[in-house]
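Report on the structure
Residue strings, one per chain:
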Amino acid sequence: MSHRILVPETSAPDMLLPLKGRTDVVLERFGPKVTTAEFRALLGNVHAAILGVTPFADAELDAAPALKAVARVGVGYDAIDVPALNRRKIPLLITGTANSVSVAEQALAFMFAFAKRMNEVHTLVVQQRWGERFSCFPTDLAGKRVVIVGFGRIGTRMAKRCVAMEMHTQVYDPLITQDYIRSVGATPVPDLDAALADADYVSIHCPKDASTINLFDAARLARMKKGAVLINTARGGIVNEPALAQALTSGHLSGAGLDVLESEPPEKSNPLLGMPNVLCAPHMAGVTWEAWNRMACSAMQNVLDVLDGRPNREHTVNPQVYDAR
């Protein structure tokens, strides 16, 4: 029997690598302009669905009676109704560490851009203001203090890179053993607010859930060191955007590097977009060319493993469904 797998037309070429030598797989494809009705019609006879940011909930599951697995090309799954999958005993799989290095590098890029004042020094050159170069001294990252919030797949890699750059690297993650944090050369901090008071940079790498929505609200931003830089490559909504805009406007914070925003794409009226001390990216930290291919390959392998009866539990968001079958 053939396995029918629904995949996005925009998938990276390496998604096909796990299919080499297999003759038992048929791919169904959907494009970025597919309507909701068209998408649900495609689900009618597929055994697995690989998704980008397409919403997936009860209505989609009702349209997919043969479905055995859902996979994300990535690690976030905000648009997928996990309880609905649980009720039908269908696993949701993510791509593990496929884009972890890429996100960590983007967070570092934001740090370098602010430390080296890349926008300002570039402007001095192109505007023929060379003589003013000593008016905006860059700074070193070495010796600066960074607090990393979240020590999962990305936070661990961020910490290792900050340690290698001779930064005073602190980690806040109450769910991780302190010895594990120390093993990479970082220092665990039990009190986030106390650590923020001395941090030159704060980099957010925690998941978005009920406990982290508005984690950085006006009160917490006020506790940050004056002149600090906040970086968020995790999820929009962890940082309260109006409060961040106020902290940047007042000069309490000197900059913010944001790969994610609460509304994506953001409204034109979002005040953060017009600020000279804000750098934004369109949720691209985990989508380098290399990561795009790694994630696509991993997503395909994830669904094949389920269909072949040997699921990767480490990549499964809801592994309890295997035991409930």
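Below is a short write-up of the structure. Residue positions are given per chain, counting from 1 as you read along its sequence in written order. Only residues with pLDDT of at least 70 get local features here, since the model is predicted, and only at 80 or more are side-chain atom pairs given and counted; chain-wide, interface and lining totals rely on the full set of residues. Values reported for side chains reflect all heavy atoms of the structure, with hydrogen atoms and water molecules removed beforehand.

With that settled, the discussion passes to a nonpolar patch on the surface. Surface patches are defined over residues having more than 30% relative accessible area and no salt bridge, joining like charges when they lie within 9 Å and nonpolar side chains (Val, Leu, Ile, Met, Phe, Trp, Tyr) when within 5 Å. The protein chains shown are the only cover counted for residues, whose accessible areas, like all others here, come from Shrake-Rupley with a 1.4 Å probe. In the sections that follow, a salt bridge refers to a side-chain nitrogen of Lys or Arg positioned within 4 Å of a carboxyl oxygen of Asp or Glu. A cluster of nonpolar side chains, namely Val125, Val126 and Trp130, defines an oily patch on the protein surface of about 330 Å² accessible area. Counting from the N terminus, the helices are DSSP H or I runs at least four residues long and the strands are E runs at least two residues long. With respect to the secondary-structure elements, valine 125 resides in helix 5 (residues 118-126).

Attention now goes to the state of the cysteines. The definition used for a disulfide is geometric: two cysteine sulfur atoms within 2.5 Å. Going through the model one piece at a time under the given rule, you end up with zero disulfides. Take cysteine 162: it sits in no disulfide, and the sulfur closest to it among the cysteines is that of cysteine 206, at 16 Å.

For the rest of this paragraph, the subject is the packing of helix 4 (residues 100-115) against helix 6 (residues 153-164). Axis definition: a line fitted to C-alpha atoms, over the contacting stretch in the case of helices. Angles run 0 to 180 degrees between N-to-C directions. Between helix 4 and helix 6, whose axes approach to 8 Å, the crossing angle comes to 50 degrees. Judged by the angle between their axes, helix 4 and helix 6 are oblique. Here the hand of the crossing between helix 4 and helix 6 comes out right-handed. Residues Ser100, Val101, Val103, Ala104, Ala107, Leu108 and Met111 of helix 4 touch helix 6, and the partners they reach there are Arg153, Ile154, Arg157, Met158, Arg161 and Cys162. Roughly parallel covers angles under 35 degrees, roughly antiparallel covers those over 145, roughly perpendicular covers 65 to 115, and oblique covers all other angles. Note: crossing handedness is left-handed where the near helix turns anticlockwise from the far helix by less than a right angle, and right-handed where it turns clockwise. In this description, contact between two residues means that some pair of their heavy atoms is separated by no more than 4.5 Å.

The strands making up a sheet associate through backbone hydrogen bonding, with each pair oriented either parallel or antiparallel. Only when DSSP finds a minimum of two bridges between them are two strands counted as paired. Judged by pairing direction, the sheet is parallel, and its five strands sit side by side in the order 2-1-3-4-5 without closing on themselves. Two strands close off the open sheet at either side, each with one partner strand: strand 2 (25-30) and strand 5 (92-93). One ladder, built from six bridges, connects strand 1 (residues 3-8) with strand 2; its direction is parallel. Bridge pairing in strand 2 places valine 7 opposite arginine 29. Running over the sheet, helix 11 (residues 289-307) touches strand 1, strand 2, strand 3 (48-51), strand 4 (69-72) and strand 5 and is turned about 160 degrees from strand 1.

The strand order across the open sheet built from seven strands is 8-7-6-9-10-11-12, with neighbouring strands paired in parallel fashion. Two strands bound the open sheet, and with one partner strand each, they are strand 8 (187-188) and strand 12 (278-280). Across five bridges, strand 10 (residues 228-232) lies against strand 11 (residues 253-258) in parallel orientation. If you follow asparagine 232 over to strand 11, its bridge partner there is leucine 258. Of the strands in this sheet, strand 10, strand 11 and strand 12 are in contact with helix 10 (residues 241-249), which crosses strand 11 at around 140 degrees.

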